[in-house]
Amino acid sequence: MPLAKHILWRVILGFITLFFASVLIFMMTNLLPGDPARAILGPRATPEKLAILREELGLDRPVAVRYAAWLGDISHGDLGTSLAGMQQPVTKVIGRRLYNSFLLVVLAAFVSVPLSMGIGAYTALKRDTKLDATATIATLTLSALPEFVIGIVLILLLSTQVLHILPPISRLDPFAPYLGQLDLFILPVMTLTLAVLPYIVRLLRASTIEVLESEYISMARLKGLPEPLVMRRHSLPNAVVPAIQGTAMQLAWLAGGIVVVEYLFAYPGIGSALVDAVSNRDYPVIQALSLILAATYVFLNLAADILTILITPRLRTGMR
Amino acid sequence: MSDVVLSVKGLRVELEASGADIDDEVEFTIHSGEVLGLVGESASGKTTAATALLVHQRRGAVVAGGEVVIKGRDILSLSPVELRKVRGGLASYVPQDPSMSLNPALRIGTQLREILEVHGFGASDAERAERIREMMAEVLLPGDRQFLRRYPHQLSGGQQQRVAVAMAFACRPSLIILDEPTTGLDVTTQAHVLRTVKDLARTYGVAALYVTHDLAVVANLADRIAVMYAGRLVEVGPRDALFRGAHHPYTRRLLASVPDLAGKYALRGIPGRAPLPGKRPPGCSFADRCDYTEPRCIEAFPPYEGPEEHRVRCWRWEEIARLSLQNDFVPRRACDASRGATGPVVSAKGVRAFYGTTEALHGVDLEVRPGCCVALVGESGSGKTTLARAIAGIHPGKVEGEIRLGDHELKRDARHRPKADRQAIQYIFQSPYGSLNPRRSIGQILEPPLRTFFDLSRSEKEDRMVEALEMVTLDGSLLGVYPDQLSGGERQRVAIARALVAKPTVLICDEVTSSLDVSVQASIVELLVKLIDETGVAMIFVTHHLPLVRTLAQEVTVMNVGEIVETGTVDAVLADPQAEYTRNLLADTPDVDRTPF
């Protein structure tokens, strides 16, 4: 079946993209000024000690050989050993944090996507009214603000200056169940939601307006269908399609954008892990996290492509 | 007479922003089982008037007055909920373009079922399913589950329109509004759809309003015809009375611009254009294009006059009604047999053309002599445009066979042809909206061929451009104007002028009139005839519309699925077609009956 073949081909393309990303990541981290051995031993290390450690770390081998070894290890699920602190396996260093960040992104996605699509569709329906104008100004203002500004404003409003209803920092207790710490998620999720919302709202507003002007919507109304049915059955499935790619881009951005937001709320995720790793010159961790972020981008775009095909009858049946 | 189903009085539709009238003083009635044809050219307000009957308007327009009564119910005063019950239930709508009006994301079964569901038709799902099967059978489509599970794009244009017709008849409405439902369909498919609509309306006693720009389409279908011009009805009367003795000058000129299949009359366009909303004069809006204008026409718009069954809005209608229609018709000139005595200027032999690996043309021959017009006629997918493009060297796929210009063979791809060959063959495209760059002035559009093919000074170039514009009866002062300031007909004239500045020996016209109104189409055909006479250019005229061929071409080549079906002189082929395909095509082509004269 060509549809399966098409998806397989996209997956292969995704892996090729990831391969190039891995080359870039490896080269960039190796070209960074500074040397892991020096970073570990500190500024007063003797050249002899440095040489020994370099040999231990395999830094004396050619870059291509090291890249091949790294890639080989990754394919076995081995992300290498952290150079900092206890020299634990990278998987262990980032494992819990990865889970925390994943949780944050998924929560933010589950709140922001339906909410912004709903607002987008509704403002399209109420096009050129006061409500629409207000929503337009609000979303434009929001999209002009960087996410850390949004976060700070939220902290000022809800946790410090005006109201004191939410904790200003979100230091999760890894040993207690997360369900009991839900209040810690609210501010980071709100910040991320407000950061991606404007773009998706504008996307869906535009695509819904286009759909509402279409002849098949006129036809649905001339058939006497009630307005909620026209929106739900006739408009939304068609309006969502052009917004899928943009939404995927926004979610991919979310995955990267959490670096700043996590730092702001002291949330123990990959964002703060990445900040630590960079300051420690912990190359294996930097490489692993960068690759994971790249994989997220590739995966989300792939998912968007496949979803677009699956919910567009013309594309789906055209593949058969 | 049977009972009145629809009665419209003083209907006015305005543009919300300016209050300018799109439609005004629209009045007509339709009885059960009767088909009324509402005929008008583009921007006449006919579609706006039709959808206003269901209180549906495009953005920015609003029903500003009048009365619409369907089966005793005053539609304009209904609440939204009551109105919804009327739409699709008491009165239904068949859209212009089913490929745009069926939801691409929903199966056709879903779209058929929902209209029954919202109108509470049938007591159970089983009853509704039965009704759908019944309707599909009426429009001659399979009603099985597999077919109903298809999406609109998996249906042909004709099948899509049948689904739309089935949907419209599903809840047994009293009134059905058809908005140019056959535009864009092939004549054969169009004939089938028209027959279906007529049969269903008769069988179930449904009143039908059939909106169209093409008088010929309603000639066999409608019982009565209403003619609309610039937002007002100018004449409403029984079909035969109207066709054989139209009272309004506009109706008469419109009739004269409908191509005559029988070939007695030449096409005659209507110069000028209809005034748009907001620019309509206080007097008769046809006055500036009319041959019978007198001072009172400019002062006030005439009221409806004449007997109840044949009403007309013209101050001089009684006088005009007595005049013979011949006044407005010009007899067609016979074909000049002496033409084409010399050898062909362009010829194709055994031409095969491909799209990818699919062969679209299966070895066809064509010859065109100087001063002669060959019409390439066929339905969509016949390969007529492919052949024209292969000759012009702009077919995007592989081309095999021999294409000659005069004494030498042409390269396949126009980009590889020498300058002289490219200059000799000029191509005019179907849509003047797509073929003129909106960011270039008319002068900038006409200049490139001059620059490429000739070595001329600035003033010489300008002279040539003005000369070309004058040949297409446009004013030389248009050089600085941009395409969006021109009407469709004017744009097509510019496209023709662009071909003419190159001084071609062969002119290829690809469906050049199909996006234009009939009155404009007629003027363009008049122009092309004049150009052949004056310049002796050879022409290949590609069209799907057989009657057009009569006025213009000396020879006709009929094509079907990539092959030539029949070729010969126009008179011979149309009077006595040899191929069955041509006979069917002729039979399906709607024509206006001009019997009495």
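Since this is a predicted model, take the numbers as computed values, not measurements.

K.L.:
Could you clarify how one ought to interpret the overall build of chain A in this entry?
P.N.:
Counting its regular elements, chain A contains 13 helices and zero strands. In sequence order, the secondary structure elements of chain A are arranged as α-α-α-α-α-α-α-α-α-α-α-α-α. Projected onto its principal axes, the C-alpha coordinates of chain A cover approximately 85 × 60 × 35 Å. Long-range contacts, defined here as pairs at least 24 residues apart, represent 72% of the contacts in chain A between residues at least 6 apart.

K.L.:
Got a minute to help me understand the interface of chain B and chain A in this structure?
P.N.:
As a measure of interface size, the accessible area lost when the parts come together is often cited. The interface is formed by 23 residues belonging to chain B together with 18 residues belonging to chain A. Counting only elements with at least two residues in the side of chain B that touches chain A, the list comes to helix H2 (80-86), helix H3 (98-101) and helix H4 (108-118) of chain B. At three residues, the largest contribution of residues to the side of chain B that touches chain A is made by H4 of chain B. A per-class count over the side of chain B that touches chain A returns 10 nonpolar, eight polar and five charged.

K.L.:
Hey, could you run me through the sheet that holds strand S2 (residues 21-31) of chain B in this one?
P.N.:
The pairing of strands in a sheet happens through backbone hydrogen bonds and is either parallel or antiparallel. Residue and element names in this part refer to chain B. Spatially, S2-S1-S4-S5 is the arrangement adopted by the four strands of the open sheet, whose pairing is antiparallel. Edge positions in the sheet fall to S2 and strand S5 (73-74), since each has one partner strand and no second. As judged from the two bridges shared by strand S4 (residues 61-70) and S5, these two strands associate in the antiparallel manner. Residue pairing across strands places Val69 opposite Asp74, the latter belonging to S5.

K.L.:
Help me understand the environment of Val211 of chain A, please; the structure alone is not making it clear to me.
P.N.:
Note on placement: Val211 of chain A falls in helix H8 (residues 183-212). Taking the C-alpha atoms as reference points, Val211 of chain A and Met231 of chain A, separated by 20 residues in sequence, lie 9.9 Å from one another.

K.L.:
So what exactly am I meant to see when it comes to the confidence of the model for chain A here?
P.N.:
When pLDDT is low, close inspection of the predicted coordinates is not appropriate. Summarising the model, chain A shows a mean pLDDT of 85, and 96% of its residues fall at 70 or more. Taking the mean pLDDT of every element in chain A, the minimum, 70, falls on helix H2 (residues 36-41) of chain A and the maximum, 93, on helix H9 (residues 215-222) of chain A.

K.L.:
How should helix H18 (residues 458-471) of chain B be read in this particular structure?
P.N.:
Working note: α-helix, 3.6 residues per turn, so residues spaced by three or four point in the same direction. Residues and elements named next belong to chain B. For H18, with 14 residues, the first-to-last C-alpha span of 20 Å sits near the 20 Å given by 1.5 Å per residue. Here H18 has its buried residues at Arg464, Met465, Ala468 and Leu469. Take H18 and look down its axis: the buried residues cluster within an arc of 135 degrees, on one side only. In H18, the exposed positions that point more than 90 degrees away from the buried face belong to Ser459, Glu460 and Glu470. Where the residues of H18 are buried, they touch helix H17 (442-453) and helix H19 (488-500). Positive phi shows up at Thr473, right after H18, with a value of about 55 degrees.

K.L.:
Looking at this structure, I do not really get the packing of helix H7 (residues 147-160) of chain A against helix H10 (residues 227-265) of chain A. What am I missing?
P.N.:
Angle between the axes and distance between the axes: these two values describe a pair of packed helices. All names here are of chain A. The N-to-C vectors of H7 and H10 enclose an angle of 30 degrees; their axes lie 9 Å apart at closest approach. When the axes of H7 and H10 are compared, the pair comes out roughly parallel. For H7 against H10, the interelement crossing comes out right-handed. Counting all contacts with H7, which are made through Glu147, Phe148 and Gly151, the residues of H10 involved are Gly257, Val260, Val261, Leu264 and Phe265.

K.L.:
Could you clarify how one ought to interpret the pairing of strand S9 (residues 224-229) of chain B in this entry?
P.N.:
Every regular strand shows the same layout, with side chains that alternate between the two sheet faces. Residues and elements named next belong to chain B. Most of S9 sits inside the fold, with six of its six residues counted as buried. Every second residue of S9 is oriented toward a common face, with Arg224, Ala226 and Met228 on one face and Ile225, Val227 and Tyr229 on the other, all of them buried. One ladder, built from five bridges, connects strand S3 (residues 35-40) with S9; its direction is parallel. Opposite Leu36, over in S9, you have Arg224 as the bridge partner.

Parameters at a glance
- Residues numbered from 1 in each chain as written.
- Chains lettered and ligands numbered in written order.
- Predicted model: local features only at pLDDT ≥ 70, side-chain atom pairs only at ≥ 80, totals over all residues.
- Helix = DSSP H or I, 4+ residues; strand = E, 2+ residues; numbered from the N terminus.
- Contact = placed C-beta atoms within 7 Å.
- Nonpolar A, V, L, I, M, F, W, Y, C, P; charged D, E, K, R; others polar.
- Pairing = 2+ DSSP bridges.
- pLDDT = per-residue confidence, 0-100.
- Expected span 1.5 Å × (residues − 1).
- Buried ≥ 20, exposed ≤ 12 C-beta atoms within 10 Å, placed from the backbone.
- Arc of directions from axis to C-beta.
- Axes fitted to C-alpha atoms, helices over the stretch in contact; angles between N-to-C directions.
- Parallel < 35°, antiparallel > 145°, perpendicular 65-115°, else oblique.
- Left-handed = near helix turned anticlockwise from the far one by under 90°.

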